[in-house]
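As a plain string of letters, each chain reads:
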Amino acid sequence: MDEDLLQTIGAAREGVLARIAAAAKSAGRDPASVRLTAVSKMQPDGRIEAMWATGQRTYGENRVQEAEARWAARRERGEAFELRLIGPLQTNKAREAVLLFDVIETLDRVRLAGAIADAASKLGRSPRLLVQVNTGEEAQKAGVAPRQADAFIAALRRDFSLSPEGLMCIPPVGEPAGPHFALLAKIAERNGLAALSMGMSADYEIGVLFGATHVRVGSALFGAR
Ligand SMILES: *Cc1c(COP(=O)(O)O)cnc(C)c1O
């Protein structure tokens, strides 16, 4: 293990955790109510080994194939960690995703819900689910439109017996994140959903102020990709 890398990554993680705790306290929240997801996509193995050595056990990946290459062996060895899919999921990869991930944060289509429900019942493994909401209504971005979110969540429960535990969003680049996080929190509240995955390296403290239960941090922990 590269000692310098261990030192650098350990310090970065301590720094992020301290800032999460400070943001939580200033919002009158328990710092333990916010989980840090270390986004390991496209990071070199050495950095991930160093992060693992710090005790970090929740990781986010945005591609099924890349995640499988990196994490399947650890899973087979029986090591305990939580793996979260934070990137778009194609229907034809639903089976692999259900097998590998503990949480799928990017459920946003009826057809995908069907594929996940089907794979889960065949494989006897049910990842926890978040619904991605396209709060900025950006044409190129995944996620259900805010005004369709209630109906989509109702359909998951009614038609697929799926129980999403929360919502996820990625605010538009170059816009203040706060209003997007506030909108996500509002949709979650009126649908009785507890989990809110919001906030990345540039805005995770804002996420915490607006009620994030999970923040997804990559470059602020690992360095630039
Ligand atoms: C890459 C990624 C992140 C982490 O981004 P950083 O800016 O490096 O923290 C978080 N969420 C999603 C959905 C991502 O794709």
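Computed from a prediction, not measured in an experiment: that's the story for all the values here. (Residues numbered from 1 in each chain as written. Predicted model: local features only at pLDDT ≥ 70, side-chain atom pairs only at ≥ 80, totals over all residues. Heavy atoms only, no water.)

1. A short note on the side chain of R74
Selection criterion: Secondary structure elements follow DSSP: runs of H or I no shorter than four residues count as helices, runs of E no shorter than two count as strands, and numbering proceeds from the N terminus. Residue burial is assigned from relative accessible area. The probe radius is 1.4 Å, only protein chains are included, and a residue is buried under 20% of its type maximum, exposed over 50%, and partly exposed in between. Should any heavy atoms of two residues lie within 4.5 Å, those residues are counted as being in contact.
Position of R74 among the secondary structure elements: in helix α3 (residues 64-76). On the basis of relative accessibility, which here comes to 7%, the residue R74 falls in the buried class. Beyond its immediate chain neighbours, meaning those up to four positions away, R74 contacts E49, W52, E79 and F81.

2. Quick notes on the packing of helix α5 (residues 110-123) against helix α6 (residues 149-160)
Cut-off, in case you're wondering: For helices, the axis comes from a line fit to the C-alpha atoms of the stretch in contact; other axes are also lines fit to C-alpha atoms, and the angle between any two N-to-C directions lies between 0 and 180 degrees. For any helix crossing, the convention is left-handed if the near helix is rotated counterclockwise from the far helix by under a right angle, and right-handed if that rotation is clockwise. For this classification, Asp, Glu, Lys and Arg are treated as charged, while Ala, Val, Leu, Ile, Met, Phe, Trp, Tyr, Cys and Pro are nonpolar and the rest, including Gly, are polar.
Orientation of α5 relative to α6, taken along the N-to-C sense of each, is 35 degrees, at an axis distance of 11 Å. When the axes of α5 and α6 are compared, the crossing they make is right-handed. Between α5 and α6, the residues in contact are V110, A113, G114 and A117 and F152, L156 and F160, respectively. Considering only residue class, the contact of α5 with α6 consists of 6 nonpolar, 1 polar and no charged.

3. As for the side chain of R29
Applied cut-off: We call two N or O atoms a polar contact when they sit within 3.5 Å, provided that within protein one can donate a hydrogen and the other can accept it, with sequence-adjacent residues counted only if both atoms are side-chain atoms.
Its place among the elements puts R29 in the loop between α1 (3-26) and β1 (35-39). Looking at R29, its side chain comes within polar contact range of the main-chain oxygen of V208, at 2.9 Å. Non-local contacts of R29, meaning those with residues more than four positions away in its chain, are made with A24, V34, V208, G211, A212 and T213.

4. Describing the site of the ligand
Convention followed: Nearness here has a simple test: a residue counts as near a molecule or strand if at least one of its heavy atoms is within 4 Å of that partner. Computed with a 1.4 Å probe, the accessible areas rest on the Shrake-Rupley method; for each residue, only the protein chains presented here act as cover.
Residues in contact with the ligand, as listed here, are V39, K41, I86, M168, I170, M200, S201, R216, V217, G218, S219 and R225. Note that an oxygen atom of the ligand is positioned 2.8 Å from one of the backbone N or O atoms of S219. At 2.8 Å, a side-chain N or O of R225 approaches an oxygen atom of the ligand. In the complex, 89% of the free accessible area of the ligand, which totals 390 Å², lies under the protein chains. Its residues assigned to classes, the shell around the ligand comprises 6 nonpolar, 3 polar and 3 charged.

5. Points about α3
What counts here: To get the bend at a residue, fit one axis to the 7 residues ending there and another to the 7 starting there, then take the angle between the axes.
The principal kink in α3, of about 40 degrees, is found at R70. All of the buried residues in α3 are V64, A67, R70, W71, A72 and R74. Of the surrounding elements, those touching the buried residues of α3 are α2 (45-53), β2 (58-61), β3 (82-85) and α4 (94-100). Two residues or fewer after α3 comes G78, characterised by a positive phi angle close to 80 degrees.

What is shown is where atoms sit, not what they do.
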